[in-house]
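# What the coordinates show
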Amino acid sequence: ALDACHLIDLPRVSDARGALSFVEGQRHVPFDIARVYYLYDLGPAVTRGAHGHKALEQLIIAVAGRFEITLSDGQQSRRFELSRPDQGLYVGPMIWRDLGGFSEGAVCLVLASLPYDEADYFRDHAAYLEAVSAS
Ligand code: TYD
């Protein structure tokens, strides 16, 4: 549900040399981390996402730059701005997501609960709405 999607503050270890953040599965995120992927070389006008997932859980982090994410459960939507490497957005199952507004040099890091599986995607918004209203 949309209510379960929230920002998670991650550990940050800073000293004169810089900063370090980390994420452990089942500790900082409520799932085991099965996959890591990242978006980069993103043009300012591009949009990404535009899909839902059946079972996948994710933590989305702006490790560089900033961008915005709109999450929807088919009824309501919430918009988040990510710009901090020490903060992640938890996205649960059955949520539609749209990403955009990428700043120059933005890197979107995603920690995911499952390996890549195209069968877990809703690519079609109408099919997503039908499935989410039935669930
Ligand atoms: P997609 O999930 O549509 O990207 P986004 O939501 O960021 O716009 O994936 C883009 C392409 O990359 C698609 O052809 C599937 C492929 N892909 C993988 O092969 N493995 C992965 O882990 C991911 C996330 C995508």
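Conventions and cut-offs
- Residues numbered from 1 in each chain as written.
- Predicted model: local features only at pLDDT ≥ 70, side-chain atom pairs only at ≥ 80, totals over all residues.
- Near = placed C-beta within 6 Å.
- Helix = DSSP H or I, 4+ residues; strand = E, 2+ residues; numbered from the N terminus.
- Nonpolar A, V, L, I, M, F, W, Y, C, P; charged D, E, K, R; others polar.
- UniProt positions renumbered as here; feature names shortened; annotations may be inferred.
- Core = buried A, V, L, I, M, F, W, Y, C linked by C-beta atoms within 7 Å.
- Buried ≥ 20, exposed ≤ 12 C-beta atoms within 10 Å, placed from the backbone.
- Contact = placed C-beta atoms within 7 Å.
- Pairing = 2+ DSSP bridges.
- Axes fitted to C-alpha atoms, helices over the stretch in contact; angles between N-to-C directions.

What follows deals with the site of the ligand. Around the ligand, the structure places Arg35, Tyr37, Leu39, Arg48, Gly49, His51 and Tyr116. Elements with a minimum of two residues in the shell around the ligand: strand E4 (35–39) and strand E5 (48–53). Of the residues in the shell around the ligand, the class split is three nonpolar, two polar and two charged.

Okay, the UniProt feature "domain: Sugar 3,4-ketoisomerase QdtA cupin" (unreviewed entry) in the chain next. Those places that UniProt annotates as "domain: Sugar 3,4-ketoisomerase QdtA cupin" (unreviewed entry) correspond, in this numbering, to residues 5–132. For residues 5–132, the end-to-end C-alpha separation is 16 Å, with 6% helix and 47% strand making up the annotated structure.

Here we take up the nonpolar core. Core analysis: the biggest nonpolar cluster contains 23 residues, and Ile60, Phe67, Ile69 and Leu89 have the highest contact counts within it. Among the secondary structure elements, those contributing two or more residues to this core are strand E6 (58–64), strand E7 (67–72), strand E9 (87–91), strand E10 (96–100) and strand E11 (107–112). When residues of this core are assigned to their parent elements, the largest contribution, four residues, is made by E6. Leaving out residues up to four positions away in the same chain, phenylalanine 67 has contacts with Ala62, Leu82, Leu99, Gly100, Gly101, Phe102, Ser103, Ala106 and Cys108.

So, about the sheet that holds strand E1 (residues 6–9). Sheet architecture is open: five strands sit in the order E1-E9-E6-E11-E4, paired in antiparallel fashion. Since the sheet does not close on itself, it has two edges, and those belong to E1 and E4, each with one partner. Each neighbouring strand pair of the sheet contributes to a mean axis angle of 25°, computed without reference to strand direction. Direction of pairing for E6 relative to E11: antiparallel, over a ladder of six bridges. Looking across to E11, one finds that isoleucine 60 is bridged to valine 110.

To continue, consider the sheet that holds E10. Pairing within the open sheet is antiparallel, and its five strands lie in the order E8-E7-E10-E5-E12. Only two strands of the sheet have a single neighbouring strand rather than two, namely strand E8 (77–82) and strand E12 (121–122). Across four bridges, E5 lies against E10 in antiparallel orientation. Bridging across to E10, histidine 51 finds its partner in arginine 97.

The next subject is the pairing of E6. For E6, the buried fraction is high: five of the seven residues fall into the buried class. Relative to E9, E6 is paired through four bridges, and the arrangement is antiparallel. Pairing of isoleucine 60 across the sheet is with leucine 89, part of E9.

On to the environment of glutamate 24. Mapping glutamate 24 onto the fold places it in the loop between strand E3 (18–21) and E4. Owing to 11 C-beta atoms within 10 Å, glutamate 24 belongs among the exposed residues under this scheme. Along the backbone, glutamate 24 and leucine 10 are 14 residues apart, and their C-alpha atoms lie at a distance of 9.7 Å.

Look at alanine 50: it is not a glycine, yet its phi comes out positive at around 55°. Structurally, alanine 50 is set in strand E5. According to the C-beta neighbour criterion, alanine 50 is exposed, with 12 such atoms within 10 Å. You will see that methionine 94, though not glycine, has its phi angle at about 65°, which is positive.

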